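The residues making up each chain are set out below.
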Amino acid sequence: MKLTLNIWRQADSASPGKIHNYELDEVSEDMSFLEMLDVLNEELNAKGEEPIAFDSDCREGICGMCGLMINGEAHGPEVTTTCQLHMRSFKDGDSITVEPWRADAFPVVKDLVVDRGALDRIIAQGGYISVNTGAAPDAHATPVPKDKADRAFEAAACIGCGACVAACPNGSASLFLGAKITHLGELPQGQAERDSRVVNMVGQHDHEGFGGCTNIGECTAACPKEIPLDVISRLNWDLHAALRHGK
Ligand code: SF4
Ligand code: FES
């Protein structure tokens, strides 16, 4: 395939950025999207030009590091991560625009790399449970009903990629936050800190500059792990309960 790539280039967070155009002549449909960018970077290196900065780590859809706006869609045209998107989703002659996540809470570091540290700081405010150290307890010491285990597992699939924020017109991280609240709040081990967790995590979410949820649903449509929208209902339920309890 021959492709035209329109890629956002920005030296650092303080500099203005703009779209640069590149041509690639030999793109295999079996390449992943990131492998295609690797090929472009090899060509830029060979010409002595600055390669394009982008994030990745596992390249297996697990870590959440990769994340690009591809033709205006978070992670591109398929429901998957950018690293698991393959060039067979495009056709010969296509023009593809690649931009970083756009959200006030995710400042651009360089080119296509954004700082998603705001999500880590939300986790630090309560995305954990406190347990005594010592020998590992028996696996069946704390019974967990099957429906609750399934619901917690579904929410725990969130990899913190930030696509929900990038897709949301309000720049809200409510789907991410709802996934974390649901994951821990469904389990018996998560009850001790349930009230303080939701109050502190929502407080940090708002402090970081993420917007509010207005039930648009772009977040769940863009989510590569198909986190359902109703985790946000659970988030709101827990927050109201905590406030009723005087937290
Ligand atoms: S909820 Fe989905 S889109 Fe949002 S951070 Fe988690 S995995 Fe990514
Ligand atoms: S690089 Fe790890 S999810 Fe894409």
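By convention here, each chain's residues receive numbers from 1 onward along its written sequence. A letter from A marks each chain and a number from 1 marks each ligand, given out in the order of writing. Per-residue local features of the predicted model are confined to residues with pLDDT of at least 70, and side-chain atom pairs are confined, for both listing and counting, to 80 or more; whole-chain, interface and lining totals are unaffected and use all residues.

- In the annotation of an unreviewed UniProt entry, the protein chain is listed under the name succinate dehydrogenase and assigned to Nocardioides szechwanensis.
- If you open the UniProt record of the protein chain and go to Sequence similarities (unreviewed entry), you find "Belongs to the succinate dehydrogenase/fumarate reductase iron-sulfur protein family." UniProt positions are given in the numbering used here, feature names are shortened, and annotations may be inferred rather than shown by experiment.

1. Structural notes on the packing of helix 3 (residues 146-156) against helix 5 (residues 174-185)
Item 1. Working convention: axes come from line fits to C-alpha atoms, limited for helices to the stretch in contact. Angles between N-to-C directions cover 0 to 180 degrees. Comment: elements are numbered from the N terminus, with helices defined as DSSP H or I runs of at least four residues and strands as E runs of at least two. Here helix 3 crosses helix 5 at 150°, and the two axes come no closer than 8 Å. As the angle between them shows, helix 3 and helix 5 are arranged roughly antiparallel. For the pair helix 3 and helix 5, the crossing hand works out as left-handed. When helix 3 is examined against helix 5, the residues Arg151, Ala152, Ala155 and Ala156 are found in contact with a partner set consisting of Ala179, Thr182 and His183.
Item 2. Residues of the contact of helix 3 with helix 5, tallied by class, amount to four nonpolar, two polar and one charged. Here the word oblique covers every angle except those under 35 degrees (roughly parallel), over 145 (roughly antiparallel) and from 65 to 115 (roughly perpendicular). Two helices that cross are described as forming a left-handed crossing if the nearer one is turned anticlockwise from the farther one by less than a right angle, and a right-handed crossing if clockwise. Each residue is represented by a C-beta atom placed from its backbone, and any two residues with such atoms within 7 Å are regarded as in contact. Following the grouping adopted for this structure description, the nonpolar residues are Ala, Val, Leu, Ile, Met, Phe, Trp, Tyr, Cys and Pro, the charged ones are Asp, Glu, Lys and Arg, and the polar ones are all others, Gly among them.

2. As for the domain arrangement of the protein chain
Item 1. Annotation comment: domain bounds sourced from an automatic or database domain assignment. Segmentation of the protein chain into domains returns domain 1 (3-110) and domain 2 (116-244).
Item 2. If you average the C-alpha positions of domain 1 and of domain 2, the two centres end up 29 Å apart.
Item 3. With 17 residues of domain 1 at the interface, the matching set in domain 2 holds 17 residues.
Item 4. Of the residues in the side of domain 1 that touches domain 2, the class split is nine nonpolar, six polar and two charged.

3. Examining unusual backbone geometry
Item 1. Phi angles above zero are rare outside glycine, and His75 is one such case at about 70°.
Item 2. Relative to the helices and strands, His75 resides in the loop between strand 4 (73-74) and strand 5 (95-99).
Item 3. The exposure class of His75 is buried, given the 26 C-beta atoms found within 10 Å.
Item 4. Here the phi dihedral of Asp111 falls at roughly 45°; this positive angle occurs in a residue that is not glycine.
Item 5. Tracing the sequence through the fold places Asp111 in the loop between strand 6 (108-110) and strand 7 (113-114).
Item 6. Remark: C-beta atoms are placed from the backbone, and a residue is labelled buried if 20 or more other C-beta atoms sit within 10 Å of its own, exposed if 12 or fewer do, or partly exposed between those counts. Its 23 C-beta neighbours within 10 Å are what place Asp111 among the buried residues.

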